[in-house]
Amino acid sequence: MLITKIEKSYRKGYFNVYVDDSLAFTLLNDDLVKEKLKVGLTLSEEQRHLYVTKATSSYYFSRALNFLSFRLRTKAEVEKKLNMLLKEDIKLSSSEKEDLKAQLLQKLAALRLIDDENFAKIYASTKLDAKKPIGKTRIKMELLKKGIPKPLIEKILEEEGNSSNQILEDLVLVRLKAIDSVKAEDLPKLRRRLCSFLLRRGFPPSQVFSVVDTIIKRKYNRADLDKIFLAKNND
């Protein structure tokens, strides 16, 4: 088998290599120079297969890098993307696709381009410190959807400590900022509205009720809050 032509590919930095006048594979310029490939060089079937395999791996690795260039991704997200790309490749068998996918994921992990623990830490911290923060329950649900293993999520959220208590207090105080006084009979309704708001944002119920009750008692100087709520429930 003879290399009959080498030309620039439409992909920047890549070159198409033709063997016996047919496009055989596409390699990076650096690989082309490293392998000393040139027109007129004879290749064995084994060499041709090796270059085809290398070119295929290089192509899908570049696609994965492009996918990762927009934002951090989880391993599951990258794997899903590779499955979509490889599904369209009719030249590879199912086993070859699985082997290639495993190799690419391993390479990306070794380069720390996919790191589920780092992803979960950044995601949780960002969501907790956001202008409109969400609670750990909702963070856990969102990370599960992104394919992060449950034990890892629980470990990361436990490391975050009780910072969500302060976040809850800040959210409640902002909501109460414009309310200077409330009638005793309106306190249960206010409590329900505050608790519903926080529960929708994914904060744990026990934490929500505790923080809301504490702040209402303090802000409106109602030590008898429990009696008021109990009387309202018995109406």
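This structure is a prediction, so every number in the text was calculated from the model and none was measured.

How each quantity is defined
Residues numbered from 1 in each chain as written. Predicted model: local features only at pLDDT ≥ 70, side-chain atom pairs only at ≥ 80, totals over all residues. Heavy atoms only, no water. Axes fitted to C-alpha atoms, helices over the stretch in contact; angles between N-to-C directions. Helix = DSSP H or I, 4+ residues; strand = E, 2+ residues; numbered from the N terminus. Left-handed = near helix turned anticlockwise from the far one by under 90°. Contact = heavy atoms within 4.5 Å. Nonpolar A, V, L, I, M, F, W, Y, C, P; charged D, E, K, R; others polar. Buried < 20%, exposed > 50% of the residue type's maximum accessible area, 1.4 Å probe, protein only. Pairing = 2+ DSSP bridges.

Asks: Hey, could you go over the packing of helix α5 (residues 116-128) against helix α6 (residues 136-145) for me, with residue numbers and the actual values?
Replies: Remark: α5 packs on α6, axes separated minimally by 11 Å, with the N-to-C direction vectors making an angle of 145°. The chirality of how α5 crosses α6 is right-handed. Within the contact between the two elements, α5 uses Phe 119, Ala 120, Tyr 123, Ala 124, Lys 127 and Leu 128 and α6 uses Ile 139, Glu 142 and Leu 143. Class assignment for the residues of the contact of α5 with α6 results in 7 nonpolar, no polar and 2 charged.

Asks: Quick rundown of the pairing of strand β2 (residues 14-19)? Include the residues and the values.
Replies: In terms of burial, β2 is a largely internal element, 6 of the 6 residues being buried. Along β2, one buried face is formed by Tyr 14, Asn 16 and Tyr 18 and the opposite face, lined by Phe 15, Val 17 and Val 19, is buried too. Relative to β2, strand β1 (residues 3-8) runs antiparallel, the two sharing 5 bridges. In the strand pairing of β2, Lys 8 is matched with Phe 15. Hairpin connection between β1 and β2: a loop of 5 residues separates the two successive antiparallel strands, and Gly 13 in this loop has a positive phi of roughly 85°. Alignment of β2 against strand β3 (residues 22-28), held across 6 bridges, turns out to be antiparallel. Note that in β3 the partner of Asn 16 across the bridge is Thr 26. Here β2 folds back onto β3 in antiparallel fashion, the turn holding 2 residues, of which Asp 20 has a positive phi close to 50°.

Asks: Can you break down the environment of Ser 9 residue by residue, with the values?
Replies: Here Ser 9 is to be found in the loop between β1 and β2. Classification of Ser 9 by relative accessible area gives buried; the value is 12%. Considering only alpha carbons, one finds Ser 9 and Leu 27, 18 residues apart in sequence, at a separation of 9.0 Å.

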